[in-house]
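Understanding the architecture of this molecule
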Amino acid sequence: MGGGGMVADRRPVLVTGGTGKTGRRVAAGLWARGWPVRIAARSVAPAADAVRFDWADRAGWPAVLDGVGAVYVAYAPDLAVPGAADDITAFAAAARAAGVGRIVMLSGRGEPGAEAAERALAAAGQEGAGRDGAGFAWTVLRASWFVQNFTEGLLADALAAGELALPVGDVPEPFIDADDIAEIAVKALTEDGLGGRILELTGPRSLSFAAAMAEISRLTGRPLSYRQIPLADFLAGLQAQGVPGDMRDFLAWLFTTLFDGRNSATTPTVPEILGRPARDLARCWPAA
Ligand SMILES: NC(=O)c1ccc[n+]([C@@H]2O[C@H](COP(=O)([O-])OP(=O)(O)OC[C@H]3O[C@@H](n4cnc5c(N)ncnc54)[C@H](OP(=O)(O)O)[C@@H]3O)[C@@H](O)[C@H]2O)c1
C-alpha cells in the first residue's frame, strides 16, 4: 500500500510548524532524503532554509509560498478551532496560485470540527486538476494522540514532576509516535501513491493514561502516577500557569470530547504504509 515512485518535482517543501513536534521530524526526514526544505514558523530567524510564517498573517503567505513545490501543513493550534477551515481554504487558494503541487495536512482523529478544513483542502486540490493543471495532490494524516505530548509537549512538565492529572477517565488511547507520522508525511510529500486519501494513524496498542503512566514508571524506575481530576480543577491549574483563555477553552473541549472512546481502536494504517509495526510508546523510555 502506498508504494509509489519518487516525485519528480524537486522544488523545496515548505514545512509549517517546522519547529514543532512533527514539523521538525518531517524536515529531518526530507533532509535525509536530500530534499530541499523551507522551515516555516513565527519564531525562526529568516535564512536560506527558514522563513517567518504566521497563520494570522495572510498577506505574508504568497512570499512564503513562492517557489515551493509541496507543503506540510501542521496548523496551530488545531484544525478544530473556530477560523481554522477559513484559514485552510485561504491557504490552499494561495498555494494553488503559487503553483504548489502537493499538500500533506496533519489533522486530529475523531475531531468533527477538523473535517471542514479537510474538505476545504480536498476541494481546492481537486478543483481544476487535470483541466488547467491548477489543482494539487493532497493527503490528510488524521493522527491519534502523540507519545511526544508526554516528552516534548503539553504534559512533559507533569511527567517530570511525577504526577499527571487530567479530566479524563479510564479511556484507552492508541498513542502514536511522532516519528511514524513524520515518516508517512515524508513519503506522501516525496512519493506518489498516497494522494487523495485520509489516513487514520494510530500507535500499535491502546492504553489509558493511568496504564501509560504505570508503564512509563516501570520503564524508568521513577515514581509516576495518574489522577483523574474535575474539569474545573484542570482549568484552574491552566489559568495559574498563565495559559490563555482561548487555549484553556480548546483544551477543555479536547479532554471532554475526544476521550469518550471514539478513538480507542487501533488502525493498521501505519504498518500497511511503512511495511513494519508502528513504533511502541515504550521506545521513548529505554529501560534504566
Ligand atoms: N499533539 C497531539 O497529540 C496531536 C494529535 C493529532 C493532531 N495534532 C495536530 O498537530 C498540530 C500541531 O502540530 P505539532 O504537534 O507538530 O506542533 P507543535 O509541537 O504543537 O508546535 C507548534 C508549531 O506551530 C508553530 N506555530 C504556532 N502558532 C503558529 C502560528 N500562529 N502561525 C504559524 N506557526 C505557528 C510553532 O512555532 P512558532 O511558535 O515559532 O510559530 C511550532 O513550530 C495541530 O494541528 C494539532 O491539532 C496534534
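Per-chain numbering applies: the sequence of each chain, read as written, is numbered from 1 onward. The predicted nature of this model means local features are confined to residues of pLDDT at least 70 and side-chain atom pairs, given and counted, to a pLDDT of 80 or more, with totals for whole chains, interfaces and linings taken over all residues. Heavy atoms throughout the structure, all of them, feed into the side-chain values; hydrogens and water do not.

What follows covers the packing of helix 3 (residues 84-97) against helix 4 (residues 115-126). A pair of packed helices is characterised by two quantities: the angle between their axes and the separation of those axes. Simply put, an axis is a line fit to the C-alpha atoms, just over the touching stretch for a helix, and the angle between two N-to-C directions goes from 0 to 180 degrees. By definition, any uninterrupted DSSP run of H or I lasting at least four residues is a helix, any uninterrupted run of E lasting at least two residues is a strand, and each is numbered from the N terminus. Relative orientation of the contacting elements helix 3 and helix 4 amounts to 20°, with a least axis distance of 8 Å. Here helix 3 lies roughly parallel to helix 4, going by the angle between them. The hand of the helix 3/helix 4 crossing is right-handed. For the pair helix 3 and helix 4, contact is made by A85, I88, T89, A92 and R96 and by A116, A117, A120, L121 and A124, respectively. All amino acids are sorted into three groups, where Ala, Val, Leu, Ile, Met, Phe, Trp, Tyr, Cys and Pro are nonpolar, Asp, Glu, Lys and Arg are charged, and the leftover types, Gly among them, are polar. In terms of residue class, the contact of helix 3 with helix 4 is built from 8 nonpolar, 1 polar and 1 charged. Any angle between 65 and 115 degrees counts as roughly perpendicular, while under 35 counts as roughly parallel, over 145 as roughly antiparallel, and the rest as oblique. For any pair of crossing helices, the crossing counts as left-handed if the nearer helix is rotated counterclockwise from the farther one by less than a right angle, and right-handed if it is rotated clockwise. Only heavy atoms matter for contacts: two residues are in contact if any of them lie within 4.5 Å across the pair.

Attention now moves to the environment of G34. Among the structural elements, G34 can be located in the loop between helix 1 (21-32) and strand 2 (37-41). Sequence-wise, G34 and A48 are 14 residues apart; in three dimensions their C-alpha atoms are separated by 15 Å.

This next bit is on the sheet that holds strand 3 (residues 50-52). Any two strands are treated as partners once DSSP identifies two or more bridges connecting them. If you trace the 7 strands from one edge of the open sheet to the other, you get 3-2-1-4-5-6-8, paired in parallel fashion. This sheet does not close on itself; its edge strands, each paired only once, are strand 3 and strand 8 (197-201). Ignoring strand direction, the axes of neighbouring strands in this sheet form an average angle of 20°. Here 4 bridges tie strand 1 (residues 13-16) to strand 2, and the two strands are oriented parallel to one another. Note that in strand 2 the partner of V15 across the bridge is I39.

Let's shift gears to the side chain of R102. Structurally, R102 can be placed in strand 5 (residues 102-108). There is a polar contact of 2.8 Å between the side chain of R102 and the side chain of D192. Those residues in contact with R102 that lie beyond four places of it in its chain are V7, G69, A70, V71, F136, A137, A188, L189, E191 and D192. What qualifies as a polar contact is a pair of N or O atoms within 3.5 Å, subject to a donor-acceptor requirement within protein and to the restriction that residues adjacent in sequence count only when both atoms come from side chains.

Below, the discussion takes up helix 4. By definition here, a helix of n residues has an expected span of 1.5 Å times n minus one. Here helix 4 spans 16 Å end to end across 12 residues, near enough to the 16 Å set by a 1.5 Å rise per residue. Per-residue accessibility, obtained with a 1.4 Å probe over protein chains only, is compared with the maximum for each type, and a residue is labelled buried under 20%, exposed over 50%, and partly exposed between these values. Along helix 4, the residues classified as buried are A117, E118, A120, L121, A122, A124 and G125. Residues of helix 4 that are buried in the fold lie against helix 3, strand 5, strand 6 (137-143) and strand 8.

To continue, consider the site of the ligand. Nearness is judged by heavy atoms alone; a residue qualifies as near a molecule or strand once a single heavy atom is within 4 Å of it. Contacts to the ligand come from 26 residues, most closely from T19, T22, S43, Y75 and D78. Within the backbone of G17, a nitrogen or oxygen atom sits 3.4 Å from an oxygen atom of the ligand. One of the backbone nitrogen or oxygen atoms of W55 is found 2.9 Å away from a nitrogen atom of the ligand. Look at the ligand: alone it shows 900 Å² of surface, and the protein chains cover 83% of it. A molecule is said to occupy a pocket when more than half its atoms come within 2 Å of that pocket's grid points, and by this definition the ligand occupies the largest pocket. At the level of secondary structure, the elements contributing two or more residues to the shell around the ligand comprise helix 1 and strand 5. Tallied by class, residues from the shell around the ligand come to 11 nonpolar, 11 polar and 4 charged. Here the open area of atoms and residues is found with the Shrake-Rupley method and a 1.4 Å probe, where only the protein chains shown may cover a residue. Think of a 1 Å grid over just the protein atoms. A cavity is a set of points where a 1.4 Å probe fits yet cannot get out, a pocket is an open set with protein on both sides within 12 Å along at least five of seven lines, and lining residues have an atom within 4 Å of a point. Here the criterion for a molecule occupying a pocket or cavity is that more than half of its atoms lie within 2 Å of the pocket grid points.

Here we take up the pairing of strand 4 (residues 70-73). Alternating residues of strand 4 divide into A70 and Y72 and V71 and V73, and every residue in both groups is buried. Where strand 1 meets strand 4, 3 bridges bridge the pair, whose relative direction is parallel. The residue bridging V15 from the neighbouring strand is Y72, located in strand 4. Looking at chain direction, strand 4 and strand 5 are connected through 4 bridges and run parallel. Paired with V71 across the two strands is I103, which belongs to strand 5. Viewed with both strands pointing away, a crossover whose connecting path from the first strand over the helix to the second turns clockwise is right-handed. Tracing the backbone out of strand 4, into helix 3 and back to the parallel element strand 5 gives a crossover that is right-handed.

Left-over empty space is what a probe sized like a water molecule reveals as it rolls over the atoms. Grid points are joined across faces, edges and corners, and a volume is the space filled by probe spheres set on the points. Summed over the entire model, instances satisfying the criterion amount to 1 cavity of 30 Å³ or more. Here the largest cavity defines a volume of roughly 40 Å³. Taken together, the residues that form the lining of the largest cavity break down as 4 nonpolar, no polar and 2 charged.

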